[in-house]
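Residues per chain, in single letters:
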Amino acid sequence: VQLVESGGGLVQPGVSLRLSCAASGFTFSSYPMSWYRQAPGKERELVAAITSGGDSTNYGESVKGRFTISRDNAKNTVYLQMNSLKPEDTAVYYCTVYVGRARKWGQGTQVTVSS
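The paragraphs below set out a description of the structure included in this document. Quantities reported herein were computed from a predicted structural model and do not represent experimental measurements. (Residues numbered from 1 in each chain as written. Predicted model: local features only at pLDDT ≥ 70, side-chain atom pairs only at ≥ 80, totals over all residues. Heavy atoms only, no water.)

Description of the state of the cysteines
Per the counting criterion, the structure on display carries one disulfide. Each sulfur in the disulfide pair Cys21 and Cys95 lies 2.1 Å from the other. The S-S bond linking Cys21 to Cys95 shows a torsion near -75 degrees; that makes this disulfide left-handed. Pair noted here: Cys21 is in strand 3 (residues 17-24) and Cys95 is in strand 9 (residues 91-99), with a separation of 74 residues, a long-range link. The two residues Cys21 and Cys95 agree in class, both being buried. (Disulfide = S-S within 2.5 Å. Helix = DSSP H or I, 4+ residues; strand = E, 2+ residues; numbered from the N terminus. Buried < 20%, exposed > 50% of the residue type's maximum accessible area, 1.4 Å probe, protein only.)

What follows is the structure, given as structure tokens:
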């Protein structure tokens, strides 16, 4: 299983950013996918999750209405569209899947929101 995140960076408050996670090594279309994030000194928290078919999603309270998770099963990729970014969104963002009786994580991509 390999998960490779991309799209992070340093942005100003209020702008948008889209993260991507390219997956391989498992049947992507059969598994729900999630994004988590971890800020310095804080616990890792759920940002968003999506079912295998993409028909249902759920979000952490702090990002509801601003972030959107989606997936393209033909491309084995899951996305996180982040709008109206705030400084408190600063964190390392991880793509994750529970497969083979274990949760697998990508290496993470840093998102820094600062003026």
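Having put the structure on the table, let's press on.
Re the pattern of salt bridges
Within this structure, the stated rule accounts for four salt bridges. Residues Arg37 and Glu45 are paired through a salt bridge, measuring 2.6 Å at the closest nitrogen-oxygen approach. Overall, the relative accessible area of 32% leaves Glu45 in the partly exposed class. Arg66 serves as the salt-bridge partner of Asp89, at 2.8 Å between the closest nitrogen and oxygen. Here Asp89, found in the loop between strand 8 (77-82) and strand 9, pairs with Arg66, found in the loop between strand 6 (57-59) and strand 7 (67-72); they are 23 residues apart in sequence, far enough to count as distant. You can call Asp89 buried: its relative accessible area is 0%. According to the relative accessible area criterion, Arg66 is buried, its value standing at 11%. The network of salt bridges with shared partners includes Arg37, Glu45, Arg66 and Asp89. (Salt bridge = Lys/Arg side-chain N within 4 Å of Asp/Glu carboxyl O.)

Section: the nonpolar core
Within the largest apolar cluster, 29 residues are counted, with the highest numbers of intra-cluster contacts made by Met33, Trp35, Val78, Leu80, Met82 and Tyr93. Those elements that place two or more of their residues in this core are strand 3, strand 4 (33-38), strand 5 (45-50), strand 7, strand 8, strand 9 and strand 11 (109-113). It is strand 9 that provides the largest number of residues to this core, a total of five residues. Other than its neighbours up to four places away in sequence, Leu80 contacts Leu17, Arg18, Leu19, Trp35, Val47, Ala48, Phe67, Thr68, Ile69 and Tyr93. (Core = buried A, V, L, I, M, F, W, Y, C linked by side-chain atoms within 4.5 Å. Contact = heavy atoms within 4.5 Å.)

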